[in-house]
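Analysis of the macromolecular model
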Amino acid sequence: DTGVSQNPRHKITKRGQNVTFRCDPISEHNRLYWYRQTLGQGPEFLTYFQNEAQLEKSRLLSDRFSAERPKGSFSTLEIQRTEQGDSAMYLCASSSGTGHFDGYTFGSGTRLTVV
Amino acid sequence: AQSVTQLGSHVSVSEGALVLLRCNYSSSVPPYLFWYVQYPNQGLQLLLKYTSAATLVKGINGFEAEFKKSETSFHLTKPSAHMSDAAEYFCAVSTGANSKLTFGKGITLSVRP
């Protein structure tokens, strides 16, 4: 297993366009998380899945954002009608159970630039 | 609610000097605490974690941290800094079953030759 994989690594889009990111977690991990990190800040929680069920969404996740994890495997995060304020690094992480004891494994992130 | 405070945004040390990065947390229930390191344009790598076992936790690359409940602190230390330690360091807390991490704002560590 090569860890958590995120694609693409970089995405430049025009304001108003839709974008979709993909995260492939560690195969045996049942929990998957999305975070957003802006320059000079720590990552902020967006949402998480246990298997295919989306269990919690942050208020940061406006109705322009949607995340899915079909069949409890990979996950996608879609942003509709992108705005300049959406420019950030989007990080995916996965864990086995709560992650409290084994930790959370992060991917390298997708850097989104909205122009 | 849970939160993390990392005072100061930048720490600079000489190579071979002690590294001390401070982290204070707030939690109404027993916390799980983590330190992560992030190199430019990369994801987060786990350095160490506190899971209510030993209060002194040893991690990778010679780092360690001590959980002090009375001070609500989980400071990260390394006896001797190396040039390769230059990076951004994040303290994070998690509680309960939801397992989401709440991060501090991070501290940039610079190491002078």
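Rules and cut-offs
- Residues numbered from 1 in each chain as written.
- Chains lettered and ligands numbered in written order.
- Predicted model: local features only at pLDDT ≥ 70, side-chain atom pairs only at ≥ 80, totals over all residues.
- Heavy atoms only, no water.
- Helix = DSSP H or I, 4+ residues; strand = E, 2+ residues; numbered from the N terminus.
- Rg over C-alpha atoms; globule rule 2.2 N^0.38 Å.
- Buried < 20%, exposed > 50% of the residue type's maximum accessible area, 1.4 Å probe, protein only.
- Contact = heavy atoms within 4.5 Å.
- Lys, Arg positive; Asp, Glu negative; His and termini not counted.
- Charge placed at Lys NZ, Arg CZ, Asp CG, Glu CD.
- Pairing = 2+ DSSP bridges.
- Axes fitted to C-alpha atoms, helices over the stretch in contact; angles between N-to-C directions.
- Phe/Tyr/Trp six-rings, centres within 6.5 Å; stacked < 30°, edge-to-face > 60°.
- Lys NZ or Arg CZ within 6 Å of the ring centre and 35° of its normal.
- Core = buried A, V, L, I, M, F, W, Y, C linked by side-chain atoms within 4.5 Å.
- Buried area = accessible area lost by both parts, 1.4 Å probe.
- Salt bridge = Lys/Arg side-chain N within 4 Å of Asp/Glu carboxyl O.
- Polar contact = N/O pair within 3.5 Å; in protein donor to acceptor, adjacent residues only side chain to side chain.

Looking at the overall build of chain A
Secondary structure assignment for chain A yields 0 helices and 11 strands. The order of α-helices and β-strands along chain A, N terminus first, is β-β-β-β-β-β-β-β-β-β-β. For 115 residues, the compact-globule formula gives about 13 Å, and the C-alpha radius of gyration of chain A, at 13 Å, lands near that figure. Looking at chain A as a whole, 47% of its 115 residues are labelled buried. Here the analysis covers contacts within chain A between residues at least 6 apart in sequence; of these, 54% occur between residues at least 24 apart. Here chain A holds 14 positive side-chain charges and 12 negative ones, and the gap between their average locations is 7 Å.

Observations regarding the sheet that holds strand β1 (residues 5-7) of chain A
Residue and element names in this part refer to chain A. An order of β1-β3-β8-β7 is seen for the 4 strands of this open sheet, with the pairing classed as antiparallel. Bordering the open sheet on either side are β1 and β7 (65-68), each of which pairs with just one other strand. Each strand axis lies, on average, 15° off the axis of its neighbour in the sheet, ignoring direction. Sheet topology note: the β1/strand β3 (residues 19-24) ladder contains 3 bridges and is antiparallel. When the bridges of β3 are listed, Q6 appears paired with C23.

A short note on the packing of aromatic side chains
Per the stated rule, a full pass over the model turns up 18 aromatic pairs over all chains. For the pair F106(A) and F103(B), a centre-to-centre distance of 6.2 Å together with 70° between the ring planes defines the contact as edge-to-face. Of this pair, F106(A) sits in strand β10 (residues 105-106) while F103(B) sits in strand β11 (residues 102-103), placing the two residues on different chains. The ring of F74(A) is capped by R22(A), whose NZ or CZ atom sits 3.9 Å from the centre of that ring.

Observations regarding the nonpolar core
Formed by 26 residues in total, the largest nonpolar core has its most connected members in W35(B), L47(B), L48(B), F74(B), L76(B) and Y89(B). Every element with two or more residues in this core is listed here: β3 (19-21), β5 (32-38), β6 (44-50), β8 (64-68), β9 (73-78), β10 (87-94) and β12 (107-112) of chain B. When residues in this core are grouped by element, the largest group, 4 residues, is from β10(B). I26(A), W34(A), Y90(A) and L112(A) belong to the second-largest nonpolar core, a separate cluster that totals 19 residues.

Here's the deal with the interface of chain A and chain B
How big an interface is tends to be stated in terms of accessible area lost as the parts join. Counting residues at the interface gives 25 residues for chain A, matched by 23 residues for chain B. Together chain A and chain B conceal approximately 1900 Å² of surface at their shared face, both sides included; 54% is due to carbon and sulfur atoms. If you look at where chain A meets chain B, you find 1 salt bridge. Between E56(A) and K100(B) there is a salt bridge, and its shortest N-O distance comes to 2.9 Å. Run the count over chain A and chain B and you get 5 residue pairs in polar contact (both at pLDDT 80 or more).

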